[in-house]
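# A structural walkthrough
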Amino acid sequence: MTATTTGKVWFITGASRGFGRVWTEAALKRGDQVAATARNLNSIADLNKKYGNQVLTLELDVTNAEQVKAVVQKAHAHFGKLDIILNNAGYSLVGTIEEAHADEIRALYETNVLGPVAVIQAALPLLREQGYGHILGTSSNLGHVTLPVIGYYCSSKWAFEAIHESLAEEVKPFGIKVTIIEPGAYATEFGSQQSLKFAAGMDIYTSLKASFAENLQQLEKGDPDATPEAIFKIVDADQPPLRFLLGNQGLPWTRSAYEQRLAEWEAWSEVSNAAQGAAK
């Protein structure tokens, strides 16, 4: 891992709160330039006063593909390059698999999956022309494991992870890097009403959801302000990781989940192998 100089240009979605806000300000404080985007331009207007020409604030709804393309191109034209594309916008749908309606699930995927894809597709022609670039996506350690009550959110992160893993192989020949950021629990605004949408409840799941909420409240939450240095090490590395677990919770949890999966596959391997049949 070798560090490079700063002077990078970032394009960040969801810059108004949470990690998006923390990483936007941290990048600006270290001397980088940032195209900061949010659905509500007023929520990031203060960045202009603080950082002047270092920052370009843009209104962006990632579910509007045409707007995404125009905003990415505007940011590139303004700064003359884009070094880092950081897909950070997203929210969680709270509700069991039975409770959530199809339109709620579609809306979740529009933001958490199709929105980042729109940004990636808008940015790739520009990054290819440059011959370099680094695409970062804010996923979650729930991209490897699941929890009840937010299963659809987990599923959106599993899709997010698969898309970025395929993307990494596809764009490697063009000098473009890909990293998936997988945070554990942090004391951000992600648990606020702005970052959560709730499916209509069914009485049969009331106790399950109450237990789930209680367990979440008891989780030890990391400090978001402790994260920028890790992100900088990733974007400054010559060979950044494809996946990066942010915080100390993800690795033990993910290791345990995969140990259980491997043990179950092994236990059923004789049945699996028999199902192969004769070679054709």
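Summary of the structure given here. For every chain, the first residue of its written sequence is number 1, and the numbers climb from 1 along that sequence. In keeping with the model being predicted, local features are shown solely for residues with a pLDDT of at least 70 and side-chain atom pairs are shown and tallied solely at 80 or more, while totals for entire chains, interfaces and linings include all residues. To get the side-chain values, take all heavy atoms of the structure and skip hydrogens and water.

## Topic: the overall build of the chain
Stated formally: Secondary structure counts use DSSP, requiring at least four H or I residues in a row for a helix and at least two E residues in a row for a strand, with both numbered from the N terminus. It is over C-alpha atoms that the radius of gyration is taken, and the globule rule equals 2.2 Å times the number of residues to the power 0.38. The buried label goes to any residue with under 20% of its type's maximum accessible area, the exposed label to any with over 50%, and the partly exposed label to all in between, with areas taken from a 1.4 Å probe on protein chains only. Residues are treated as being in contact if the distance between any of their heavy atoms lies within 4.5 Å.
Looking only at helices and strands, the chain features nine helices and nine strands. A compact globule built from 280 residues should have a C-alpha radius of gyration of about 19 Å, and the chain, at 20 Å, falls within 12% of that. Along the first, second and third principal axes, the C-alpha set of the chain runs to 60 × 50 × 35 Å. A buried classification covers 45% of the 280 residues belonging to the chain. By sequence separation, contacts in the chain at least 24 residues apart represent 70% of the contacts at least 6 residues apart.

## Description of the packing of aromatic side chains
Quick reminder of the rule: A pair of aromatic rings is counted whenever rings of Phe, Tyr or Trp (Trp by its six-membered ring) have centres within 6.5 Å, and the orientation is called stacked for planes under 30 degrees apart, edge-to-face for over 60 and tilted otherwise.
Applying the stated criterion across every chain yields a total of three aromatic pairs. Ring geometry for Phe19 against Tyr186: centres 5.2 Å apart, planes inclined by 75 degrees, an arrangement best described as edge-to-face. Placement of the pair is Phe19 in helix 1 (residues 18-29) and Tyr186 in the loop between strand 7 (176-183) and strand 8 (196-198), with a sequence separation of 167 residues. Classification of Phe19 by relative accessible area gives buried; the value is 9%.

## Describing the pattern of salt bridges
Just so we agree on the cut-off: What counts as a salt bridge is simple: a side-chain nitrogen of Lys or Arg found within 4 Å of a carboxyl oxygen of Asp or Glu.
Counted by the stated rule, this structure contains 14 salt bridges. The salt bridge involving Lys8 is made with Asp236; its shortest N-O contact spans 3.0 Å. Of the two residues, Lys8 is situated in the segment before strand 1 (9-12) and Asp236 in helix 7 (residues 228-236); the sequence distance between them amounts to 228 residues. Residue Lys8 is classed as buried on the basis of its relative accessible area of 12%. One salt bridge connects Glu169 with Lys172, and the closest N-O pair in it is separated by 3.3 Å. Here the salt bridges share partners, and the residues they tie into one network are Lys8, Arg30, Asp32 and Asp236.

## Some thoughts on the side chain of Glu161
Tracing the backbone through its elements, the reader meets Glu161 in helix 5 (residues 151-171). Residue classification places Glu161 among the buried positions, given a relative accessible area of 2%.

## Here we look at the pairing of strand 3 (residues 55-59)
To keep it simple, the criterion reads: Each pair of strands is called paired provided DSSP finds at least two bridges between the two strands. Crossovers are described as right-handed under a simple rule: with the strands pointing away from the observer, the path leading from the first strand over the helix to the second runs clockwise.
Extensive coverage of strand 3 is indicated by the burial of four of its five residues. In this sheet, strand 3 lies alongside strand 2 (residues 33-38) in parallel orientation, the contact comprising five bridges. Looking at strand 3, one finds that Val34 is bridged to Val55. Note that the unit made of strand 2, helix 2 (residues 46-51) and strand 3 has a crossover that is right-handed.

## Overview of the sheet that holds strand 4 (residues 84-87)
Where we set the bar: Where helices are involved, their axes are fitted lines through C-alpha atoms of the stretch in contact, as for all axes, and angles between N-to-C directions lie from 0 to 180°.
Ordered by their spatial adjacency, seven strands build an open sheet running 3-2-1-4-6-7-9, and the pairing between neighbours is parallel. In the strand order of this sheet, the two ends are held by strand 3 and strand 9 (243-246), each with one partner. Looking at each pair of strands side by side, their axes are set apart by 20 degrees on average, direction ignored. As paired elements, strand 6 (residues 133-138) and strand 7 share six bridges and run parallel to each other. Of the residues in strand 7, the one forming a bridge with Thr138 is Ile181. Strands strand 1, strand 4, strand 6 and strand 7 of the sheet are contacted by helix 4 (residues 102-130), whose axis makes an angle of about 175 degrees with strand 4.

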